[in-house]
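Chain and residue survey
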2 protein chains.
Amino acid sequence: MKILGLVVEYNPFHNGHLFHLKESKEIVNPDCTVAVMSGNFVQRGEPSIIEKFARARTAIMLGIDIVLELPVVYSLQDAGGFATGAIRTLEALGVTDIVFGSETGELSLLNEVSKILLAEPEEYRHRLHSHLKDGHSFPNARKYAIRDYVSGKDRELSFRVEEIGSSNNILGLEYLRAIREIDSKIRPHAIKRKGAAYSDDENRGSFSSATAIRKMLRLGDIESVKNAVPGEMFKTLLKEIRAGRGPILACDMESFFLPFLRLISRNDYSDFYGFVEGLDARFCECSKRGDLQTFLDCVKTKRFTLSRIRRLMYYPALKFTVDLIERSNRLGPQYIRLLAFNENGREYLSEIKKSIGLPIINTVSMWRKVLDEAKKKEMKIDENLFKEQLERDLLAVDFYSSFYSSPENRSKGSDMLSRVIYERDS
Amino acid sequence: MKILGLVVEYNPFHNGHLFHLKESKEIVNPDCTVAVMSGNFVQRGEPSIIEKFARARTAIMLGIDIVLELPVVYSLQDAGGFATGAIRTLEALGVTDIVFGSETGELSLLNEVSKILLAEPEEYRHRLHSHLKDGHSFPNARKYAIRDYVSGKDRELSFRVEEIGSSNNILGLEYLRAIREIDSKIRPHAIKRKGAAYSDDENRGSFSSATAIRKMLRLGDIESVKNAVPGEMFKTLLKEIRAGRGPILACDMESFFLPFLRLISRNDYSDFYGFVEGLDARFCECSKRGDLQTFLDCVKTKRFTLSRIRRLMYYPALKFTVDLIERSNRLGPQYIRLLAFNENGREYLSEIKKSIGLPIINTVSMWRKVLDEAKKKEMKIDENLFKEQLERDLLAVDFYSSFYSSPENRSKGSDMLSRVIYERDS
């Protein structure tokens, strides 16, 4: 049996995603397609434009059989943590193949580099350290360190190292590293990305990037959105917007984060993951600025990318302690959270039910029962970490829904009230 | 020499305040008049309508010689903590007489009751405990306990106990208790309040209450405000509003507190003062509601007044830990923070400079020097508590100013950049 796995955010699902999905299915010819998707907060350090269940249902309509939620402790991490959470989730669900888009579309280059990343030979580590010390951002320092390391050893690779700096190649590298790390048998496939680049925010018609589409939504340019996303996604967006549950934009949270960050002392930051190398002091000092963009610009250096700073902003809010994130990256997700599935997905789930190594959460309010059963089955999970990861997912939804425009939606936005979506074939 | 002390909020300074000030001066005939004033957060658990320096300058224009800031760890407490901070500040500054408004205007009644409050005889304590257990709010339980205690002992008093339940009488009682508590020689005087009751929010023309005037400001009814406050106060209000520094309204903070309170777990609350008798659980549960008013109504019981819940909301934000507030109530303020003075005030300050028992902070940025000098003079202060109280005052200003309408004001709103106001006679 072939099970295709995809790592997605679908924020929102656009024509490029549909194209990628079709191509992936052509390559793998799967019996079932599983997507692990960021929940209400995405990897670039932002809220998702609409909440996770609406995005999950749409993904089912558009060809995915099962949508799992990537726990927020992973979805709000850098490429490394993000990939660790995603790959281990897909592995637990029995995925046999994953397909990811990358700028290069070529697996051999990424494979060679990912070996270096996992092995971390002494010389590479030394070079990485020295480039970081020079003030380069982590992605750049890593690129230079790999270039230094392979130069002389592998002439072809050394010429092509520049390519690994683009965002989807970085993610691809991390998927490959994460697969190797757990000795997974998952077969990776890379395909060349179609259409606009990830961070391109220009309207490129029917192949606009998610960034460009979010900009259209921010500006209220509904016609352009209609042109750039599949019909099902467009219907969902309209429905959610009309119901007062979106679009939730990063700038909507500005009014919260300015006062919030001012309340955090330099000392407080030491509890939270990632506030290293003086970032605690920079956050304190810069929070005195007058708006969020000025805050971000003030914290930013060559060393720290804007996405990283945006993600970090959420860590004190969602209580991403050093201990929680380090254990999460070491031990992986402690549960599989099901958001939506169709008939085909349901059949596959009932098939693997007995052999699966992680507890599956259908309905969050039943978490205690799920945990007890997992213990009875002697699954290898850490009970505390299970609770802490799930608590952050609940917290993320409570926080997110407090930004809905209508008070009624805000009070109904709790994850505890949610139910998994089963889309019967119609 | 006679030094008149007043405990004020001036939020804003209205005609009733001016009347009270004149009457007080007639009673005491002072050489100097000192007001201790709440800073940017007031006792009813709200931000002040405009920031403290603008209110302090206006108070000087209208007849006060020296304005001191009541540290926020006291200004956001119940009547007991508020009075403790205020009376100890006035005592430290050498005040000889205080005058306070009260519904009764009669000192003897309040004096008799305040003796009971300080002595806390066994029978009274027992009665208080039992009324609290029946679910009454603290002010009511106390009133009933006093009634029970004096009945049979003091017939006249027992008939009049009902009067001590009104808000200004409660404050008056606490002033008297705080004066006795430190064996102060301050002479208290009570005068009958003129005009509208404290919580009356109706427009009563030129004698409208501060609550009513804040409502006019919220509704933008500038003409009514003009009629209800002295000319100087009106000019200040207009200036601050035009500059984008006000009016700051409780409802402006709603957008912050809804997401903020959702991020606090029941466990977190145990660090903070006042979350007793299940209030932690109530806060957690009720923060899932859709707006702040619904939240407040949800937390409220017969036992907990709305003002108390409003104040408590600020405790996790401003880090009012159990330890900080308990030590503050025991040891009192560790510094005197000067906001504004005139020529007469300056002369008095230079006179008492040598005998004063608490360090005076003119300019916050010089706090380290002030602390060092206090230690050299062997003043009886607790260095840690000094820092912690001052840190909360700074935090309160940073938090407050993040709600200014213009980003430029927000970035200039730091207390560290402020200077004491010296109004020379013109």
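None of these values were measured; they are calculated from a predicted model.

Our focus in this paragraph is the relation of the copies chain B and chain A. Between the two copies, chain B and chain A, the superposition gives an RMSD of 0.0 Å; the rotation angle is 180° and the shift along the axis is 0.0 Å. One copy is carried onto the other by what is essentially a two-fold rotation axis. It is F256 of chain B whose C-alpha, among those of chain B, lies nearest the rotation axis, at 2.6 Å.

When cut into domains, chain A gives domain 1 (120-163), domain 2 (200-229) and domain 3 (251-327). Distance from the C-alpha centre of domain 2 of chain A to the C-alpha centre of domain 3 of chain A: 29 Å.

A negative phi holds for most residues other than glycine; trans holds for most peptide bonds. Residue and element names in this part refer to chain A. Here the amide bond leading from N11 into P12 is cis, since omega sits at -5°, within 30 degrees of zero. For P12, the position within the fold is in the loop between β1 (3-8) and α1 (15-28). Residues G246 and P247 are joined by a peptide bond in cis, for which omega reads -10°. Tracing the chain through its elements places P247 in the loop between α12 (231-242) and α13 (254-262). In this structure, K319 takes a positive phi of about 60° despite not being glycine. Along the polypeptide, K319 turns up in the loop between α17 (306-318) and α18 (322-331).

Attention now goes to a negative patch on the surface. Residue and element names in this part refer to chain A. Taken together, the side chains of D31, E347, E351 and D425 present a region of like negative charge at the surface. Its place among the elements puts E351 in helix α19 (residues 343-352). Given a relative accessible area of 52%, E351 falls into the exposed group.

Glancing now at the pattern of salt bridges. Applying the stated criterion to the full structure yields 66 salt bridges over all chains. Each of R88, R142, E174, R177 and E181 of chain A takes part in one network of salt bridges that share partners.

Time to look at the interface of chain B and chain A. The interface of chain B with chain A comprises 27 residues on the first partner and 27 residues on the second. Of the roughly 2,200 Å² buried at the junction of chain B and chain A (both faces included), carbon and sulfur atoms supply 61%. Taken together, chain B and chain A are joined by four salt bridges. Remark: the boundary between chain B and chain A carries twelve residue pairs in polar contact (both at pLDDT 80 or more). Mapped onto the side of chain B that touches chain A, the elements with two or more residues apiece are α13 (254-262), α21 (383-401) and α22 (407-411) of chain B.

As a further point, take helix α10 (residues 210-219) of chain B. Residue and element names in this part refer to chain B. Across the ten residues that make up α10, a large majority, seven, are buried. When we look at burial in α10, the residues that qualify are A210, T211, A212, I213, R214, M216 and L217. Turning to α10, the residues buried within the fold contact β4 (46-47), α11 (222-228) and α12 (231-242). Positive backbone phi, at 75°, marks G220, one or two positions downstream of α10.

As enumerated under the stated definition, the model contains two cavities of 30 Å³ or more in all. In this structure, the largest cavity spans a volume of roughly 40 Å³. In this structure, the largest cavity is lined by P139, R142, K143, I164, G165, I170 and L173 of chain B. Those elements that provide at least two residues to the lining of the largest cavity are α7 (138-150) and α9 (167-181) of chain B. Residue contributions to the lining of the largest cavity peak at three residues, all from α7 of chain B. Residues belonging to the lining of the largest cavity are distributed by class as follows: four nonpolar, one polar and two charged. By volume, the second largest cavity is sized at about 30 Å³. Residue lining of the second largest cavity: P139, R142, K143, I164, G165, I170 and L173 of chain A, and that is the complete set. Going through the elements one at a time, α7 (138-150) and α9 (167-181) of chain A are the ones with two or more residues in the lining of the second largest cavity. Looking at which element gives the most residues to the lining of the second largest cavity, the answer is α7 of chain A, with three residues. Along the lines of polarity and charge, the residues of the lining of the second largest cavity split into four nonpolar, one polar and two charged.

Thresholds, definitions, all that
Residues numbered from 1 in each chain as written. Chains lettered and ligands numbered in written order. Predicted model: local features only at pLDDT ≥ 70, side-chain atom pairs only at ≥ 80, totals over all residues. Heavy atoms only, no water. Least-squares fit on C-alpha atoms with pLDDT ≥ 70 in both. Domains from an automatic or database assignment. Helix = DSSP H or I, 4+ residues; strand = E, 2+ residues; numbered from the N terminus. Patch = residues over 30% accessible without salt bridge, like charges linked within 9 Å, V, L, I, M, F, W, Y side chains within 5 Å. Areas by Shrake-Rupley, 256 points an atom, 1.4 Å probe, with all protein chains shown as cover. Salt bridge = Lys/Arg side-chain N within 4 Å of Asp/Glu carboxyl O. Lys, Arg positive; Asp, Glu negative; His and termini not counted. Charge placed at Lys NZ, Arg CZ, Asp CG, Glu CD. Buried < 20%, exposed > 50% of the residue type's maximum accessible area, 1.4 Å probe, protein only. Contact = heavy atoms within 4.5 Å. Buried area = accessible area lost by both parts, 1.4 Å probe. Polar contact = N/O pair within 3.5 Å; in protein donor to acceptor, adjacent residues only side chain to side chain. 1 Å grid on protein atoms, 1.4 Å probe; cavity = no way out; pocket = protein on both sides within 12 Å on 5 of 7 lines; lining within 4 Å. Points joined across faces, edges and corners; volume = space filled by probe spheres on them. Nonpolar A, V, L, I, M, F, W, Y, C, P; charged D, E, K, R; others polar.

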